[in-house]
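Descriptive structure summary
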Amino acid sequence: MSYRMTARTTGALRRLAIVAIALGAAAVAPGDTGVALGPVAARPAVAQTVGATEQAAAQEVGAEWAIAVHGGAGTARRESMTPELESRYAAALTAALEAGGEILASGGSSLDAVEAALRLLEDSPLFNAGKGAVFTHDGRNELDASIMDGASLAAGAVAAVHHVKNPISLARRVMEASPHVMMAGVGAEEFALEQGIELVPATYFFTESRWQSLQRAREAERRADAEPVGALGERLGTVGAVALDRHGNLAAGTTTGGMTNKRFGRIGDSPIIGVGTYADNRACAVSGTGHGEFFMRNAVAHDICARVLYLEESIGEAADAVVMGVLVEQGGDGGVIAMDPEGVIAMPFNTPSMLRGYVTSEEGPVVEIFRE
Ligand code: ASP
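Read on for a plain summary of the structure. Just so you know, these numbers come straight off a predicted model, no measurement behind them.

**Let's talk about the overall build of the protein**
- When helices and strands are tallied, the protein shows 10 helices and 12 strands.
- Split into buried and exposed, the 372 residues of the protein put 54% on the buried side.
- When contacts within the protein are restricted to residue pairs at least 6 apart in sequence, long-range pairs at least 24 apart make up 74% of them.

Now the structure itself:
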């Protein structure tokens, strides 16, 4: 009895602490431009890509270690993106690949590589994850993330958190330091506090560019030609990673702010194991991006791995069948990055663009944005 009372009291104090953090001084002044702050690195080679079918086999040679990342599938077209912005995206993806690649090259685990790469992308205001998360209809940032270990099928996920600087690290902590797979909302944040995971005021996630996207989405909604709430719009920027380490272990992770103008409380595919993220050493590792409701209905990440395992399809065939077949038939926009146990990578997408790249023991880093 006294234990329960103590636990409750401690819980109440923790909740208060979370609120105090939420009410604390803004770490970022409104008016933040929402573009990368650091110096722009030398532009990496942006490979020319080809048609949809070949997209599924972006990299056909196996490797001792490999990591691929995505920065979201979306409607951005080359004409609408400045070369400067393109360079910034490429530099950020390259930095994430290099961080993950260094860990893998020195014999580190695929889980560590996935987490390190995704933390960097979460800290960049360019991507719809962590710092650059999009806004809900009522003007909040609500973050989802998940991670999975292909060796043990251990998995961790968090949904609808508002104060966690790096949700991917909290997802990993759920996997490794709790008996659960998924935690949401205040309970997840209380767990973050207990685990020493960094919490930030809700204002940390404010960026002017995402705020303007919300205003445009709300304006479109008011017009007669409005798209439904949560429609794909100009969305770009969920981030994900898949990796194979020298020990033959696959891992996958995905982290996002979800969809601009989503309802408060809406949870997408990204934190759902088997949908936005899946890893199984016997088959593949997958991270998805796109219109989450379609990914959920089709259990996209698991379906790709199941095709590899049961139908013995190649990773390119399996990823292509789901993204360019099943999803296209249903009108589900998006794409995936997928890797097989030999380090072969497929990156199909059915949208005009998907930020993506890879580096392996044999090749890269290569970063691509558009279809061609
Ligand atoms: N899949 C994410 C969601 O529906 C959004 C995205 O990938 O851009 O929450």
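Still more to cover.
**Thoughts on helix 3 (residues 83–105)**
- Over its 23 residues, helix 3 runs 31 Å from end to end, which matches the ideal 33 Å to within 8%, given 1.5 Å per residue.
- Directly beyond the C-terminal end of helix 3, a positive phi value near 90° is found at glycine 107.

**Regarding the site of the ligand**
- The ligand sits among 13 residues. The nearest are Thr238, Gly258, Gly268, Thr289 and Gly292.
- Among the residues forming the shell around the ligand, the class breakdown is 1 nonpolar, 10 polar and 2 charged.

**Re the sheet that holds strand 11 (residues 353–360)**
- If you walk across this open sheet you meet the 8 strands as 4-3-2-6-5-1-11-12, and the pairing is mixed. Strands with a single pairing partner mark the edges of an open sheet, and in this sheet they are strand 4 (182–184) and strand 12 (366–370). Going across the sheet, the axis of each strand differs from the next one's by a mean of 10°, ignoring polarity.
- Examined bridge by bridge, strand 11 and strand 12 share 4 bridges and lie antiparallel to one another. Residue pairing for strand 12: serine 353 is matched across the bridge by phenylalanine 370.
- Taken strand by strand, helix 3 contacts strand 1 (66–74), strand 5 (239–244), strand 11 and strand 12, and its axis lies near 150° from that of strand 1.

**Describing the packing of helix 4 (residues 110–123) against helix 5 (residues 167–177)**
- Their axes nearest at 8 Å, the elements helix 4 and helix 5 cross at an angle of 145°. Listed contacts from helix 5 to Glu115, Leu118, Arg119 and Glu122 of helix 4 are Ile168, Ser169 and Arg172.

**With respect to unusual backbone geometry**
- Omega for the peptide link from glycine 364 to proline 365 comes to 5°, which places this bond in the cis form.
- Of note, proline 365 is situated in the loop between strand 11 and strand 12.
- Residue alanine 299 is not a glycine yet carries a positive backbone phi of 40°.
- Taking the C-beta count within 10 Å as the criterion, alanine 299 has 18 such neighbours and is therefore assigned partly exposed.
- For glutamate 312, which is not a glycine, the phi torsion comes out positive at approximately 55°.

**With respect to the nonpolar core**
- With 103 residues, the main nonpolar core has Ile67, Ala117, Ile304, Ala338 and Met339 as its most contacted residues.
- Setting aside its immediate chain neighbours within four residues, alanine 117 contacts Ile67, Val69, Ala96, Leu97, Ala99, Gly100 and Ala241.

**Quick notes on the environment of cysteine 305**
- Its location among the elements puts cysteine 305 in helix 9 (residues 300–310).
- Residues cysteine 305 and glycine 274 lie 31 residues apart in sequence; the distance between their C-alpha atoms is 9.1 Å.
- Excluding anything up to four places from it in sequence, cysteine 305 contacts Tyr278, Asp280, Ala283, Cys284 and Val286.

**Describing the sheet that holds strand 9 (residues 334–339)**
- What the 4 strands build is an open sheet, ordered 7-8-9-10; its pairing is antiparallel. Two strands close off the open sheet at either side, each with one partner strand: strand 7 (277–280) and strand 10 (345–346).
- Pairing of strand 7 with strand 8 (residues 284–290) involves 4 bridges; the strand directions are antiparallel. Opposite tyrosine 278, over in strand 8, you have valine 286 as the bridge partner.
- Those strands touched by helix 9 are strand 7, strand 8 and strand 9, and its axis lies near 145° from that of strand 8.

What counts, and at which threshold
Residues numbered from 1 in each chain as written. Predicted model: local features only at pLDDT ≥ 70, side-chain atom pairs only at ≥ 80, totals over all residues. Helix = DSSP H or I, 4+ residues; strand = E, 2+ residues; numbered from the N terminus. Buried ≥ 20, exposed ≤ 12 C-beta atoms within 10 Å, placed from the backbone. Contact = placed C-beta atoms within 7 Å. Expected span 1.5 Å × (residues − 1). Near = placed C-beta within 6 Å. Nonpolar A, V, L, I, M, F, W, Y, C, P; charged D, E, K, R; others polar. Pairing = 2+ DSSP bridges. Axes fitted to C-alpha atoms, helices over the stretch in contact; angles between N-to-C directions. Core = buried A, V, L, I, M, F, W, Y, C linked by C-beta atoms within 7 Å.

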